[in-house]
4 protein chains.
Amino acid sequence: MKEQMTDKRKAILAAALTLFTERGFHGTPTSLIAQDAGVATGTLFHYFKTKEELIESLYLDIKKEAGTVLRDAGKSKGDWREKLDNICMAYAEWGLENARKIHFMQQFCYSPFISKATHQEGVSNFLFLIDQIALGIKEGAIRDYPPEIILSIVSSGLMTSILAAAREKDPQKQHKVLNQSIDLILYGVLQE
Amino acid sequence: MKEQMTDKRKAILAAALTLFTERGFHGTPTSLIAQDAGVATGTLFHYFKTKEELIESLYLDIKKEAGTVLRDAGKSKGDWREKLDNICMAYAEWGLENARKIHFMQQFCYSPFISKATHQEGVSNFLFLIDQIALGIKEGAIRDYPPEIILSIVSSGLMTSILAAAREKDPQKQHKVLNQSIDLILYGVLQE
Amino acid sequence: MKEQMTDKRKAILAAALTLFTERGFHGTPTSLIAQDAGVATGTLFHYFKTKEELIESLYLDIKKEAGTVLRDAGKSKGDWREKLDNICMAYAEWGLENARKIHFMQQFCYSPFISKATHQEGVSNFLFLIDQIALGIKEGAIRDYPPEIILSIVSSGLMTSILAAAREKDPQKQHKVLNQSIDLILYGVLQE
Amino acid sequence: MKEQMTDKRKAILAAALTLFTERGFHGTPTSLIAQDAGVATGTLFHYFKTKEELIESLYLDIKKEAGTVLRDAGKSKGDWREKLDNICMAYAEWGLENARKIHFMQQFCYSPFISKATHQEGVSNFLFLIDQIALGIKEGAIRDYPPEIILSIVSSGLMTSILAAAREKDPQKQHKVLNQSIDLILYGVLQE
DNA sequence: CATGAATGAGCATTCATTCAT
DNA sequence: TATGAATGAATGCTCATTCAT
């Protein structure tokens, strides 16, 4: 547990999340991040050797958090439909409360600021889902298609839906959008 | 006929497409765009008043081209499944040959470099699909969900699949990925 | 008479006068001068080889015009006080109607954009005044001080007064300011 | 004590003074100012947010210094002629040693680079002279003309004379020119 | 004579990073 | 650990000037 997550470190990451999504990577001066985080410019470079290291740390933190949310939701009991529904809803719920993190992932996962290696490491948090899907296929609950393809389609659909839901003001409407989206996504995936 | 699309203008847009996707907006100097396009730096600013205007023009051009591809494919005859399949395959085919354009849209559609107004204008090229989907619902071929939701889930799924397919080297594998992805996407959408 | 003073040439000089006083030399693009003059950018360089040549031509034209005004006024009859008063008032009158030209001279006579040679040539239009002053001294009407000093003090006082008068809106007030200023200036110069 | 006047700040102002008078505002690259001041370009912008702020600061500094010189000289004892003579000579003396500052004021006081507000603030350093002149008028020593007019004529005459004197090499000649000029200026102002 | 597209050197300003305190 | 003044390379954009039409 090398990561002690000082308050200052956390503040820097939080400020960076907001600023990077709102202004892009190069559009965000490190001095501004430091300012918003309430620390001196030099301090930022004490915690992160370079600006690149900062965005990659942020990326990994978010991916890890998202992975944990999914893993926890995956422990729910019930049949496959229920299980997948739970996982999707848990992710959507978290995404709605952390829209900026979804936004961040969407914007930076294919950007040149995240190295291939970091991207790999980030994705690794979701790999257990591949196994789960394979299991669902074997049990005849999920259509027999390559699990990677299923995962990428489901997750891109979810991300887009969360962002769409976040654009609604009314929480009831938000949930309606999410429920309908998840219905559609799972129709595509589940064997009827 | 305001748009005469000079050769130089085209060259600048082409160079910008490649560089923006590879290095990001702020990561790409205008001088480099000009160099790659084979024109002087001043010339770039003769055609586009600012760097922002350049990226927005590029965005609109691509969205327009994508809209045209879809519109043409939508004229095909046949039942709904065939029709949707044709549309998706045409889009995927185009996307595969223009992976950079897909990449560009994915990376910049939610970025702060494209103004809301431009985003709106870009999306307008796809609005006719909403009507089509509504028609399909009325005819009982497409599940009865809000057409906007259906459109956003289908298109995000398609984009992701195209990018995944583009990562494959072998054209045969590419098409297999695409076919399987489109199958899955349409399962979700079509009423069986 | 090499100078045929085409309409276009005149238009360029007029536009340049306004723009140079309002925005400075380097602050005024030649393209803007051309635009305001209603000609193409290339045309400006047909009449003036460089931007420097333009400002120097403008400077000389103005100095020449000012010299002519003074020379004409100097032909008036009457005693020395009357004569000097006439000269000053004529100059002030012209300056009031051509405040921009006064402003221009004030701003650029010591600026680095006017070469020493051009400055010399411009000043030559006023040299006859030195002789006049010398004559006035010899006749005992003007105090016995070096004519160059007298000239420079009188003319700087006049310029400043014209600019001050031009700042007033009411023509009556303008003239009051001018008359009072000229009174004061001549008190200093005339032998009582 | 907001103004700590760091060494670096002082060096930048000194370099700017020389360069602006010699090459004009737009004719002077900030990089050259920094170089001449012996600091990095970034440092210049650490002390002055923009090039405009730099020239305005410089203008205010000089006006303040000039005002102080006059104020100190105004404390001298003696009759009005002596007093005005002292003030003028003190100013001329300072101007001779600081010809560049005089040159700067002459060149930029009516230029578009100094905002109206800054001009006002600069002029405020001389306002006490208006009161002095009014007093002189009341006591019958100075001719009864609007004090503002008297001030502007005297000061423009002085400035011009200082510049003329500065053009002489020989210090003796310089002082002769100044003395004669001040004589002439005061003849115009003083009631005999 | 007149045009205006094209050029590319030049400049104001920003910003990641360092380092003395 | 924390600070923030100082650095200077890098970049978006401007503009005098040319030249093919």
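Worth saying up front: this structure is predicted, and the values here are computed from it rather than measured.

A. Structural view of the environment of H119 of chain C. Residues and elements named next belong to chain C. Looking at where H119 falls in the secondary structure, it is placed in helix α7 (residues 116-123). For the pair H119 and I130, spaced 11 residues apart in the sequence, the C-alpha separation amounts to 17 Å. Residues contacting H119, with those up to four places away along its chain left out, are Y59, C109 and I114.

B. Local environment of the relation of the copies chain B and chain A. The operation relating chain B to chain A is a screw motion whose rotation component is 180°, with 0.0 Å of axial translation and a residual RMSD of 0.1 Å. Taken together, these values place the two copies in the relation of a two-fold axis. When C-alpha positions in chain B are compared against the rotation axis, the closest is assigned to G188 of chain B, at 1.7 Å. When the interface residues of chain B are mapped onto chain A, 100% of them again lie at the interface, so the same face is used by both copies.

C. The interface of chain D and chain C, seen in detail. Contacts between chain D and chain C engage 36 residues on the former and 36 residues on the latter. Surface buried jointly by chain D and chain C totals about 3000 Å² across both partners, of which 66% is contributed by carbon and sulfur atoms. When the buried surface of chain D facing chain C is broken down by residue, Y110, Y145 and L184 of chain D rank first, second and third, together holding 25% of it. The interface formed by chain D and chain C contains zero salt bridges. Counting across the interface, chain D meets chain C through seven residue pairs in polar contact (both at pLDDT 80 or more).

D. Focus on the packing of aromatic side chains. Applying the stated criterion across every chain, the model contains 28 aromatic pairs over all chains. Note on F20 of chain B and F25 of chain B: the rings are 5.4 Å apart at their centroids and 40° apart in plane angle, and the pair reads as tilted. For F20 of chain B, a relative accessible area of 0% translates into the label buried. In this structure an aromatic cluster arises from ring pairing among F20, F25, F104, F108 and F113 of chain A.

E. Geometry of the protein's contact with DNA strand F. In the vicinity of DNA strand F there are 28 residues, among which T43 of chain A, T30 and K51 of chain B, T30 of chain C together with T43 of chain D approach most closely. Taken together, the sugar and phosphate atoms account for 69% of what DNA strand F places within 4 Å of the protein. Measuring from a phosphate oxygen of DNA strand F, one finds a side-chain N or O atom of K51 of chain C at 2.7 Å. Mapped by element, the contributors of at least two residues to the surface near DNA strand F are α3 (41-47) of chain A, α2 (30-37) of chain C together with α3 (41-47) of chain D. By residue class, the composition of the surface near DNA strand F is nine nonpolar, 15 polar and four charged.

F. Seen up close, the protein's contact with DNA strand E. T30 of chain A, T43 of chain B, T43 of chain C together with T30 and K51 of chain D are the nearest of the 29 residues found near DNA strand E. The sugar-phosphate share of atoms of DNA strand E within 4 Å of the protein amounts to 68%. Between a phosphate oxygen of DNA strand E and a main-chain N or O atom of A40 of chain C, the distance comes to 3.2 Å. Elements with a minimum of two residues in the surface near DNA strand E: α2 (30-37) of chain A, α3 (41-47) of chain B together with α3 (41-47) of chain C. Here the surface near DNA strand E is composed, by residue class, of 10 nonpolar, 15 polar and four charged.

G. A look at the domain arrangement of chain A. All names here are of chain A. Partitioning chain A into structural domains gives domain 1 (1-49) and domain 2 (58-189). The distance between the C-alpha centroids of domain 1 and domain 2 comes to 27 Å. Listed as interface residues are 11 residues of domain 1 and, on the opposing side, 10 residues of domain 2. Where domain 1 abuts domain 2, roughly 900 Å² becomes buried across the two surfaces, and 73% of that area is made up of carbon and sulfur atoms.

H. Seen up close, the arrangement of the chains. A gap remains between chain A and chain D, with no contact made and the closest C-alpha atoms lying 14 Å from each other. There is no contact between chain B and chain D; across them, the least C-alpha separation is 20 Å.

What counts as what
Residues numbered from 1 in each chain as written. Chains lettered and ligands numbered in written order. Predicted model: local features only at pLDDT ≥ 70, side-chain atom pairs only at ≥ 80, totals over all residues. Heavy atoms only, no water. Helix = DSSP H or I, 4+ residues; strand = E, 2+ residues; numbered from the N terminus. Contact = heavy atoms within 4.5 Å. Least-squares fit on C-alpha atoms with pLDDT ≥ 70 in both. Buried area = accessible area lost by both parts, 1.4 Å probe. Salt bridge = Lys/Arg side-chain N within 4 Å of Asp/Glu carboxyl O. Polar contact = N/O pair within 3.5 Å; in protein donor to acceptor, adjacent residues only side chain to side chain. Phe/Tyr/Trp six-rings, centres within 6.5 Å; stacked < 30°, edge-to-face > 60°. Buried < 20%, exposed > 50% of the residue type's maximum accessible area, 1.4 Å probe, protein only. Near = heavy atom within 4 Å. Nonpolar A, V, L, I, M, F, W, Y, C, P; charged D, E, K, R; others polar. Domains from an automatic or database assignment.

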